[in-house]
Amino acid sequence: PWYGGQVIKKVVGKEGDILSYDDKGNLWLAVINHERSLPEKHIKVGKHKELARDGRKLTPIKTGIIPKGKVFVTGEHERSFD
């Protein structure tokens, strides 16, 4: 309700996939081949923003394995509320 518009996202990760940061602060998604439990591909999501447009401090996403029943979504624009 605070945004007042429509937000469209794309599902890029599913349960069992892994989110992690590299040493430069980039967030990566390791898409797992669930039959072999090995990374199939790595997707660079990007760097998190430190501040919102209104100056509020933003909290980066926690890394780890995406839990059962959850997905990871992203938008096309760099300020897409991800």
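Above this text sits the structure in question.
Rules and cut-offs
Residues numbered from 1 in each chain as written. Predicted model: local features only at pLDDT ≥ 70, side-chain atom pairs only at ≥ 80, totals over all residues. Heavy atoms only, no water. Helix = DSSP H or I, 4+ residues; strand = E, 2+ residues; numbered from the N terminus. Contact = heavy atoms within 4.5 Å. Areas by Shrake-Rupley, 256 points an atom, 1.4 Å probe, with all protein chains shown as cover. Patch = residues over 30% accessible without salt bridge, like charges linked within 9 Å, V, L, I, M, F, W, Y side chains within 5 Å. Salt bridge = Lys/Arg side-chain N within 4 Å of Asp/Glu carboxyl O. Buried < 20%, exposed > 50% of the residue type's maximum accessible area, 1.4 Å probe, protein only. Core = buried A, V, L, I, M, F, W, Y, C linked by side-chain atoms within 4.5 Å.

(A) Seen up close, the overall build of the protein chain. The helix and strand tally for the protein chain stands at zero helices and six strands. N-terminal to C-terminal, the α/β element order of the protein chain is β-β-β-β-β-β. Look at the contacts in the protein chain between residues 6 or more apart in sequence, and 47% of them connect residues 24 or more apart. Accessible surface, the protein chain: about 6800 Å² in total, of which carbon and sulfur atoms supply 52%.

(B) Representation of a nonpolar patch on the surface within the structure. Where nonpolar side chains cluster on the molecular surface, the patch consists of Val11, Val71 and Val73 and spans about 240 Å² of accessible area. One can find Val11 in strand S1 (residues 10-14). For Val11, a relative accessible area of 53% puts it in the exposed group.

(C) Examining the pattern of salt bridges more closely. Scanning the model with the defined rule gives one salt bridge in all. Arg56 is paired through a salt bridge with Asp54; the nearest N and O atoms lie 2.8 Å apart.

(D) Region of interest: the side chain of Asn26. Following the sequence through the fold, Asn26 ends up in strand S3 (residues 26-33). We classify Asn26 as buried; its relative accessible area is 8%. Look past the residues within four positions of Asn26 in its chain and what remains in contact with it is Ser20, Tyr21, Lys44, Gly46 and Lys47.

(E) How the structure looks around the nonpolar core. Residues Leu19, Leu27, Leu29, Val31, Ile66 and Phe72 constitute the largest nonpolar core, which totals six residues. Among the elements that line this core, the one with the most residues is S3, at three residues. Not counting residues within four places of it along the chain, the set of residues in contact with Ile66 comprises Gly13, Lys14, Glu15, Gly16, Asp17, Leu19, Leu29, Val71 and Phe72.

(F) Here's a closer look at the environment of Pro60. With respect to the secondary-structure elements, Pro60 resides in the loop between strand S4 (38-47) and strand S5 (64-65). C-alpha of Pro60 to C-alpha of Glu50: the two residues are 10 residues apart in sequence and 8.1 Å apart in space. Ignoring sequence-local partners within four residues, the contact set of Pro60 consists of Tyr21 and His48.

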